[in-house]
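Notes for the structure review
The residues making up each chain are set out below.
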Amino acid sequence: MRDAATDRDSGEFIAAICDEVTTWPAVTDGDHRDGGREFHCDTQELGHIHRSGLVDVEYRLPVRDAVLAEGLAEPHSLAPRSGWTSFRVAGGDDLDHAVLLLRISYLDTLLTRSHTHTCRAALDELDVDAELDALPGLARAELERLYTELLA
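Residues numbered from 1 in each chain as written. Predicted model: local features only at pLDDT ≥ 70, side-chain atom pairs only at ≥ 80, totals over all residues. Heavy atoms only, no water.

**Comments concerning a negative patch on the surface**
On the surface, D19, E20, D93 and D96 cluster together into a patch of negative charge. With respect to the secondary-structure elements, D96 resides in helix α3 (residues 95-112). (Patch = residues over 30% accessible without salt bridge, like charges linked within 9 Å, V, L, I, M, F, W, Y side chains within 5 Å. Areas by Shrake-Rupley, 256 points an atom, 1.4 Å probe, with all protein chains shown as cover. Salt bridge = Lys/Arg side-chain N within 4 Å of Asp/Glu carboxyl O. Lys, Arg positive; Asp, Glu negative; His and termini not counted. Charge placed at Lys NZ, Arg CZ, Asp CG, Glu CD. Helix = DSSP H or I, 4+ residues; strand = E, 2+ residues; numbered from the N terminus.)

In C-alpha cells, the structure reads:
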C-alpha cells in the first residue's frame, strides 16, 4: 500500500519534471487519463508521468531501439514492441534522467515534424548541434542522421 510520503515524493517529482519540460518551446502539458501529467509538442505526445513516478516516453522505433540498446529505459510493459518506453523515477537523482528521455523524444518530434509551423519555430529557437552533442551516443547518432537529412 502507498504511504503519504510516497505520494508526496511522486507529486514533487511530477512537479519538478513539469517545471522543466514546460519551459521548452512548443511544449504543452495536461492531465493524463491515468493520472499524472502528459506532455505534447504540436499534436504529438512526447510522454507522460504517472503519479507512481513511472515515466512513459514515446519515440520512433529507430530512436526507441537506440534508447533501449543503451539501457536508458525499459520497453513499455503493455506495449513492448511499440515506440513506448518506461523509466521509474525512484528518487531525486532520477529526475535529470527522466528529463533527458523526454528531451530525446522532444528533439525527435521537432525534427520529424519540422514541416509544421509549430515545430519549425521551436527548432529555430534551439542550438540543435549543441542539443545533439548533449545526447547519449546511439540516440545522438539517429537524431544526427535525421537532422542531416533535414538540412540537405
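Moving on from the coordinates now.
**Examining the side chain of E45**
As for its placement among the helices and strands, E45 is situated in strand β3 (residues 44-49). For the buried E45, no salt bridge exists, and the shortest N-O distance to an oppositely charged side chain is 5.0 Å, to R33. Polar side-chain contacts of E45 include one of 2.6 Å to the side chain of H48. Residues in contact with E45, not counting those within four places in the same chain, are H32, E38, F39, H40, E58 and W84. (Buried < 20%, exposed > 50% of the residue type's maximum accessible area, 1.4 Å probe, protein only. Polar contact = N/O pair within 3.5 Å; in protein donor to acceptor, adjacent residues only side chain to side chain. Contact = heavy atoms within 4.5 Å.)

**So, the pattern of salt bridges**
The full count for this structure, using the stated rule, is ten salt bridges. Ionic pairing is found between D29 and R37, a salt bridge with its closest N-O pair at 2.9 Å. With a relative accessible area of 32%, D29 lands in the partly exposed category. When the shortest N-O distance is used, the salt bridge between D65 and R64 registers 2.5 Å.

**Section: the packing of α3 against helix α6 (residues 137-151)**
The contact between α3 and α6 brings their axes to 10 Å, and the two run at 20°. It follows from the interaxial angle that α3 and α6 lie roughly parallel. As for the relative orientation of α3 and α6, their crossing is left-handed in sense. Taken together, the residues of α6 that come into contact with α3 (itself represented by I104, L107, D108, L111 and T112) are A139, L143, L146, Y147 and L150. When the residues that make up the contact of α3 with α6 are grouped by side-chain class, the tally is eight nonpolar, one polar and one charged. (Axes fitted to C-alpha atoms, helices over the stretch in contact; angles between N-to-C directions. Parallel < 35°, antiparallel > 145°, perpendicular 65-115°, else oblique. Left-handed = near helix turned anticlockwise from the far one by under 90°. Nonpolar A, V, L, I, M, F, W, Y, C, P; charged D, E, K, R; others polar.)

**Considering the packing of aromatic side chains**
Evaluated as defined, the whole model comprises one aromatic pair. Relative to Y106, the ring of W24 lies with its centre 5.1 Å away and its plane at 35°, an arrangement referred to as tilted. Of the two residues, W24 is situated in the loop between α1 (4-21) and β1 (27-31) and Y106 in helix α3; the sequence distance between them amounts to 82 residues. As far as burial versus exposure is concerned, W24 and Y106 are alike and both buried. A cation over an aromatic ring shows up here: R103 above the ring of W24, its NZ or CZ 4.6 Å from the ring centre. (Phe/Tyr/Trp six-rings, centres within 6.5 Å; stacked < 30°, edge-to-face > 60°. Lys NZ or Arg CZ within 6 Å of the ring centre and 35° of its normal.)

**Side note on the packing of α3 against helix α4 (residues 117-124)**
Between two packed helices, both the angle of their axes relative to each other and the distance between the axes serve to describe the pair. Look at α3 against α4: their axes get within 8 Å of each other, and the N-to-C directions meet at 120°. Here α4 runs oblique to α3, going by the angle between their axes. Crossing hand, α3 versus α4: left-handed. Seen from α3, the contacting residues are Y106, T109, L110 and L111; seen from α4, they are C119, A122 and L123. Split by residue class, the contact of α3 with α4 holds six nonpolar, one polar and no charged.

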